[in-house]
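# Summary of structural features
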Amino acid sequence: MNMDSIVSLCKRRGFLFQSSEIYGGLQGFWDYGPLGVELKRNVKEAWWSDMVNGHDDMSTLSGAPSPYSMEGLDCTIIMHPQVWKCSGHYDLFHDHMVDCRETKKRYRYDQINGRWVEAKGRTIFVTAPAGEDEQEHLTKQALKFFKLRNKHIDDLKWEGPVVCLTTLENFDEVLGPDAKSLGSLTEPREFNLMFKTFVGALSGEEGAAFLRPETAQGIFVNFKNVLDSTRHRLPLGIAQIGKSFRNEITPRNFTFRSREFEQMEIEFFCHPDQSQDWYRYWRDRRLKWYHDLGISGDNLIMREHHQNELAHYSVGTADIEYAFPFMSEGEYGELEGVSHRGDFDLRSHMEGKLDEKSTDLALQLGADGKPKWKGSGKDLSYRDDLTNEKYVPHVIEPSAGADRAALAFLCEAYTEDEQPDEKGKMQTRTVMKLHPRLAPIKAAIFPLVKKDGMPEIAKEVYLDLKKHFKVFYDEKGAVGRRYRRQDEAGTPYCITVDGQTLEDQTVTIRDRDSLEQTRIKIDECESVIRNRIRQ
RNA sequence: GCGGGUGUAGCUCAAUGGCAGAGCUCCAGCCUUCCAAGCUGGUGGUGAGGGUUCGAUUCCCUUCACCCGCUCCA
């Protein structure tokens, strides 16, 4: 299977278009067409229904330590700038970069270290990426620049310690980490992975704000509000679906890495002692969700992060990954991350930005010894009114990409098989085998031929079914062609009015995948479709 | 960000420094009683901007987008 055929079908049938296509498109932005919007709505509605509104909060679900509650939330895209400073996104996504004019490489300004060195009567500042073998790299660069051999290593006279590039004011005597000539590094330039905007009519730094790079923070800052307004006890999950924005450096692979995308996130708040069990529960539950909606086990994997990949406060993080056709053999792309986040986020919004690298999650301090970013100062801890215990809840975060899920379902559904035409000759058929719950159109209604009163009956059936499902009416051309068109759109059922309908009020219903037709009464159409979708 | 490739109709692909063509699709009509049938007719295109030229889709420059590899990123 190749990705080009899928992209081509998406365009042809109206699943996905390039954004602003008539102006040449815009990198990293995609529009959903008439079929795509239905598919994506169905993905989101399946998630919301399965995770939130349809959640059984009375029972202990399989694999869960106890019953739990679920609530929803819909927060703004632009939030108080301090949210992103305390969450760590501001520091992480807001870098100063220097480019090398000679090698065209780009480096993070604060991650280049260097040292003054003198040889042959000349003093220069050699640099290297910050890291363990930086001195080795510096020596190599210096030898190369001064055209010295290894045995003349003692001719290099180092002056002062290794310091960060940020301590220099002028780069004229600086040798870039991979450069051969001096002064090739540009001035540091602001590089923003968060989209910046301005609140208020006057644009000045005081009104600077950011489009959210994730929906999660809206849930953390509203945790207390949800708790107070709903009177829930923990464990409690809060769900949100919404747009997020990241100024990705290299958007690629169709909609997989977009700059504007939609997330489906749950922050699940629980007692620290139970957090490991809840982590395992959510990991397994979320994997099963994709399976149940038709993604086969072969193409879906759970990848547990190694201990050394984890932030130290995290007990575990697992990615649910799909073998997208545009990835090479054995490679997978992330659909969802399920992580154990401890009390990191709530505490950050209470106390201020925490230092992830410190073992006790200490407050991160600025150069002046004061907290780098001040928290809200609000108490976000939870008091259990049964045990009277007070604690900052731990959080399990299943964070899914709606666009990535939609793309995975599209890729998984794309099938080419062989079916006989009217002369019995085998023909290639392209069919989108989407799960009926996800299919944009649930059923198409056709008159077998455009005469003998068949269109009139078919239109009645159509209008009646339209009250319950997204359905489609078509009377143009041969019926075989109409079936094939629906196959490409992923429509699971086709209802056909034929000669016998005129006599006994029955129609045929055709199954997309098996091509089998069964005869049912017109009155039964709605319930038959409803039952089949539910299965 | 770097290197390479591509950009012609809705799709797949031709051609040319001098009228841009085919198949499929799509639309209309006829015909048609179950899986892309047939007949007739029709719609529709050189990614954008600039330059060279009498004339550019073709040559040159810039730009945008997509694909591959690297880089980056979660």
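None of the values given here were measured: they were computed from a predicted structure.

### Some thoughts on the packing of helix α2 (residues 34-53) against helix α10 (residues 402-413)
At a closest axis distance of 10 Å, the pairing of α2 and α10 adopts a crossing angle of 115°. The angle between α2 and α10 places the two elements in the roughly perpendicular class. The interaxial crossing formed by α2 with α10 has right-handed handedness. On the side of α2, the interface is formed by L39, K40, V43 and K44, while α10 contributes A402, D403, A405, A406, F409 and L410. By residue class, the composition of the contact of α2 with α10 is seven nonpolar, no polar and three charged.

### Concerning the sheet that holds strand β25 (residues 493-497)
In spatial order, the strands read β24-β23-β25-β26-β27; together these five strands make up an open sheet with mixed pairing. Each of the sheet's edge strands pairs with one partner strand only, and the pair in question is β24 (471-473) and β27 (517-521). In this sheet, neighbouring strand axes are inclined to one another by 25° on average, regardless of whether the strands run parallel or antiparallel. Strand direction decides the pairing type here: β25 and strand β26 (residues 506-511), joined by four bridges, are antiparallel. Bridged to I495 within β26 is I509. Its contacts with the sheet put helix α12 (residues 479-489) on β23 (443-447), β24, β25, β26 and β27, and the angle it makes with β23 is roughly 170°. Contacts from helix α14 (residues 525-534) reach β23, β25, β26 and β27, with the element oriented near 15° to β26.

### Describing the protein's contact with RNA strand B
Within the structure, RNA strand B sits among 47 residues, and Q18, R481, Y483, R485 and R510 are positioned closest to it. Near the protein, meaning within 4 Å, the atoms of RNA strand B are sugar or phosphate in a fraction of 61%, with bases accounting for the rest. Q27 places a main-chain nitrogen or oxygen 3.2 Å from a phosphate oxygen of RNA strand B. Note that a base nitrogen of RNA strand B is positioned 3.1 Å from one of the backbone N or O atoms of L515. Broken down by secondary-structure element, the contributors of at least two residues to the surface near RNA strand B are α1 (3-13), α4 (89-93), α12 and β26. The element best represented in the surface near RNA strand B is α12, accounting for seven residues. When the residues that make up the surface near RNA strand B are grouped by side-chain class, the tally is 13 nonpolar, 15 polar and 19 charged.

### Overview of the layout of surface pockets
Empty space within the second largest pocket amounts to approximately 740 Å³. Lining the second largest pocket are 28 residues; nearest its centre among them are A46, D50, L293, H435 and R437. If you list the elements that add at least two residues to the lining of the second largest pocket, you get α2, α8 (275-292) and α14. The class makeup of the residues in the lining of the second largest pocket is ten nonpolar, five polar and 13 charged.

### Some thoughts on the sheet that holds strand β13 (residues 236-245)
Sheet architecture is open: seven strands sit in the order β3-β13-β14-β20-β17-β16-β15, paired in mixed fashion. Edge positions in the sheet fall to β3 (69-72) and β15 (300-304), since each has one partner strand and no second. Pairwise comparison of adjacent strand axes, ignoring direction, gives a mean angle of 20° for this sheet. As judged from the five bridges shared by β15 and strand β16 (residues 317-322), these two strands associate in the antiparallel manner. Each bridged residue has a counterpart across the sheet, and for E304 the counterpart in β16 is A318. The strands that α2 touches are β3, β13 and β14 (260-270); relative to β13, the one it contacts most, it runs at about 160°.

### Some thoughts on the pairing of β23
Burial analysis of β23 places five of its five residues in the buried class, the great majority of the element. By the alternation rule, side chains of β23 split into A443, I445 and P447 and A444 and F446, which are all buried. Across three bridges, the pairing between β23 and β24 is parallel. Considered in β24, the bridge of A443 is made with V471. Since β23 and β24 lie parallel, the crossover through helix α11 (residues 454-466) that links them has a hand, and here it is right-handed. Bridging between β23 and β25 involves five bridges; their strand directions are parallel. In the strand pairing of β25, A443 is matched with Y493.

Criteria and thresholds
Residues numbered from 1 in each chain as written. Chains lettered and ligands numbered in written order. Predicted model: local features only at pLDDT ≥ 70, side-chain atom pairs only at ≥ 80, totals over all residues. Heavy atoms only, no water. Axes fitted to C-alpha atoms, helices over the stretch in contact; angles between N-to-C directions. Helix = DSSP H or I, 4+ residues; strand = E, 2+ residues; numbered from the N terminus. Parallel < 35°, antiparallel > 145°, perpendicular 65-115°, else oblique. Left-handed = near helix turned anticlockwise from the far one by under 90°. Contact = heavy atoms within 4.5 Å. Nonpolar A, V, L, I, M, F, W, Y, C, P; charged D, E, K, R; others polar. Pairing = 2+ DSSP bridges. Near = heavy atom within 4 Å. Polar contact = N/O pair within 3.5 Å; in protein donor to acceptor, adjacent residues only side chain to side chain. 1 Å grid on protein atoms, 1.4 Å probe; cavity = no way out; pocket = protein on both sides within 12 Å on 5 of 7 lines; lining within 4 Å. Points joined across faces, edges and corners; volume = space filled by probe spheres on them. Buried < 20%, exposed > 50% of the residue type's maximum accessible area, 1.4 Å probe, protein only. Right-handed = clockwise from strand over helix to strand, strands pointing away.

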